[in-house]
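Summary of the model geometry
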Amino acid sequence: MVLKIFFPQCCNRADSGLLVGRWLSGHDSAVVLAVIHYPFIPGQVKQYIQQIQARSGVELSVLGSWSLPKEGQEGMESFLRDLSTIFPQKRWLQINRELGKTGFNCQVLSRDQNGRVIPREIKKKADKIDGERKVMLSQLHPIENGLSDPTTDPTSELRQMFRSVALSQPLFFLDRYDDGPLKSTHWQSEGREASIIVELLKHSTLPLCVLIRWLLSIWTWICDIRVFSLSPLRFLSSKLSTCVQLSYRTEHMRTVSSQKPAAGHTEFMRKANMVVSVLLDVALGMLLMWWLYKDNHISMLANTLVPAADHVAKELEELLQWLMGAPAGLKMNRALDQVLGRFFLYHIHLWISYIHLMSPFIEGILWYGGLSACFGLTFALSLLSDMVALLTFHIYCFYVYGARLYCLKIYGLSSLWRLFRGKKWNVLRQRVDSCSYDLDQLFIGTLLFTVLLFLLPTTALYYLVFTLLRLVVVLFQGVLHLSVDFINSFPLFAVALRITRSYRLAEGVKFKVLCEEPGTALHLLMEINPLKSSTVVQLYRTPTYSCYPKDSWAALAKKLFVGELIYPWRHKTTKTD
């Protein structure tokens, strides 16, 4: 007879008493959840088990007896065996341990048809010992290759064992602070002080959640004012990184401070990751704010910003002067080259005037903008991204002008090329159809094609230069956005849990031989296989805008070639101009 008993390691040295647990349906296995110590009153034990069943919904019973020899308790083993008549079971487990030995001796008392007790010595018994605390706190995740899933394999022996321990939390929590009439041993028995601290922390966060919900209600009322619902303000807020980050943090705080408890493990981990993300964000922001206001760093940045802007403007002027000549010995269209160069030089002069007009207010803007770091480092980085976009607005204008002109010529040349081949673009059917053209249309098309073709190198050179400048700015903003997204979405709590308490995120179990003494049952130690770190990050990452599909590198190269505008906030699902 092979009998599997899942025995908690914390009960290894428990005093003699009764084994409380359940038999796994469909399997010749039993799960021991706790040991009720002697002395006890059988009526109180039955009432205690009924109370636990009503709270947990798990069918619990007295599985048998556990005896650890001590002085003055020589007849304890026989006394506990006689209790099988008070707690009638088809099979009564009688497990005893001898001092100096690691293994246990196990007997199963079964009843025949006449009600007589027949003891059977178990020689081939798989006795699996495990830390019950780890099993109860762990969450068994489905295996990635699809071999096992809780929805497709609900009757698995291991899953029933995990589920039985997880649902039996009232058994461990009922006597957390006071032993009461019955004394028992389970994993919670060794951590009462820590449990009290955790409960006090939970109750202390209630006023904080109420305060956060009140502040969020005020913020929502301000956002619902009709002035902020105008189309220009809504469009501007959707493009500013600071407003986008503010909306994300508002949703996170609304989720964290919700009165509704977490429905499951996934939602609990999501809330915990948000809390840790907000705390880390605020801590880094306060550190940045301390550095900014220490030793008058803001004045130093303000005094450096205006000369840096003037230097960039002068470099752009020299670049335009170089393009208006013979850049790299290339033969450019003189008239178009002079028109484009003077047009862009005029914009640079406007930009320099704008910078010098704003220079007296830059230090004040930086001083008040630095206060946003108290809301978190992500707010400071988002504000920095918006300031970079504002300070490089002239580069963006140059890029838009060059891209629109280049795109117009590219589409014009492609349309005229179809004219030479007797084709045209059917707008209704979205395809190329055959078409017959007369001589005048072909002549005008040839002239336009020749003009656009010979003007294309000059336009393409300006487009190439300003596109490279624009890509440098977009790359810097992309680094800032990735930093913000990393703080928002990285599951720091889950990763820390994986490092410090790896059993909390279980992927499976493994067994190793613990004791193989002659004449005793085989003892196996069950250990939990934790999830891989990459799987933890993938499962518990908080969704943000970077989690949505974006344009591929091929689509980006195509946009650059045909002259379509590139925005850092554009996604694959949004419409392009």
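Since the structure is predicted, the reported quantities are computational estimates derived from the model, not experimental observations.

This paragraph deals with helix α15 (residues 492-500). Those residues of α15 not exposed but buried are A494, V495 and L497. For α15, the buried positions fall inside an angular range of 160° around the axis, keeping them on one side. Exposed side chains of α15 directed beyond 90 degrees from the buried face belong to I499 and T500.

Further remarks concern the packing of aromatic side chains. Under the definition given, this model contains 16 aromatic pairs. Where F344 meets Y401, the ring centres are 6.4 Å apart and the plane angle is 20°; that geometry is what we call stacked. With F344 in helix α11 (residues 334-370) and Y401 in helix α13 (residues 393-420), this pair connects stretches of sequence that are 57 residues apart. By relative accessible area, F344 is classed as buried at 2%. Between Y462 and F466, the aromatic rings sit 6.3 Å apart at their centres with planes inclined by 40°, giving tilted as the arrangement. Residue Y462 and its partner F466 are both found in helix α14 (residues 439-489); the two are separated by 4 residues, about one turn of the helix. Its relative accessible area of 1% is what places F466 among the buried residues. Taken together, the ring pairs connect F343, F344, F398, Y401, Y462 and F466 into an aromatic cluster.

Let's shift gears to unusual backbone geometry. With a phi angle near 60°, D295 is a residue other than glycine that sits in the positive phi range. Looking at the element boundaries, D295 is found in the loop between α9 (265-292) and α10 (297-324). The backbone of N296 sits at a positive phi, close to 60°, despite the residue not being glycine. Mapped onto the elements of the fold, N296 is located in the loop between α9 and α10. According to the relative accessible area criterion, N296 is partly exposed, its value standing at 48%.

On to the UniProt feature "transmembrane region" (unreviewed entry) in the protein. The UniProt record marks residues 274-293, 365-392, 398-420, 441-465 and 471-497 with the feature "transmembrane region" (unreviewed entry), using the residue numbering of this structure. The span residues 274-293 is 95% helical and 0% strand by assignment, and the distance between its end C-alpha atoms comes to 28 Å. For residues 441-465, the end-to-end C-alpha separation is 35 Å, with 100% helix and 0% strand making up the annotated structure.

Where α10 meets α11, the closest approach of the two axes is 9 Å, and the angle between their N-to-C directions is 175°. It follows from the interaxial angle that α10 and α11 lie roughly antiparallel. Its residues assigned to classes, the contact of α10 with α11 comprises 19 nonpolar, 7 polar and 6 charged.

Here the focus is the side chain of R22. In this structure, R22 sits in strand β2 (residues 17-23). Put simply, R22 is tucked away with no salt bridge, and the nearest opposite charge, on E59, sits 5.5 Å away. Once residues lying within four places of it in the same chain are set aside, the contact partners of R22 are A30, V31, V58, E59, L60, L63, Q160 and S164.

With 29 residues, the main nonpolar core has L18, F40, V45 and M161 as its most contacted residues. Setting aside chain neighbours within four positions, we find V45 in contact with L18, I36, F40, V62, F87 and L182. L316, L323, L340 and L461 belong to the second-largest nonpolar core, a separate cluster that totals 19 residues.

This paragraph deals with the pairing of β2. Consecutive residues of a regular strand have side chains that alternate between opposite faces of the sheet. Buried residues dominate β2, accounting for 7 of its 7 residues. Direction of pairing for β2 relative to strand β3 (residues 29-37): antiparallel, over a ladder of 7 bridges. Pairing of L18 across the sheet is with I36, part of β3. Between β2 and β3, which pair antiparallel one after the other, the connecting turn spans 5 residues, and G26 there sits at a positive phi close to 85°. As defined by bridge partners, β2 adjoins strand β4 (residues 61-67) across 5 bridges and the pair is classed as antiparallel. Looking across to β4, one finds that G17 is bridged to W66.

Rules and cut-offs
- Residues numbered from 1 in each chain as written.
- Predicted model: local features only at pLDDT ≥ 70, side-chain atom pairs only at ≥ 80, totals over all residues.
- Heavy atoms only, no water.
- Buried < 20%, exposed > 50% of the residue type's maximum accessible area, 1.4 Å probe, protein only.
- Helix = DSSP H or I, 4+ residues; strand = E, 2+ residues; numbered from the N terminus.
- Arc of directions from axis to C-beta.
- Phe/Tyr/Trp six-rings, centres within 6.5 Å; stacked < 30°, edge-to-face > 60°.
- UniProt positions renumbered as here; feature names shortened; annotations may be inferred.
- Axes fitted to C-alpha atoms, helices over the stretch in contact; angles between N-to-C directions.
- Parallel < 35°, antiparallel > 145°, perpendicular 65-115°, else oblique.
- Nonpolar A, V, L, I, M, F, W, Y, C, P; charged D, E, K, R; others polar.
- Lys, Arg positive; Asp, Glu negative; His and termini not counted.
- Salt bridge = Lys/Arg side-chain N within 4 Å of Asp/Glu carboxyl O.
- Contact = heavy atoms within 4.5 Å.
- Core = buried A, V, L, I, M, F, W, Y, C linked by side-chain atoms within 4.5 Å.
- Pairing = 2+ DSSP bridges.

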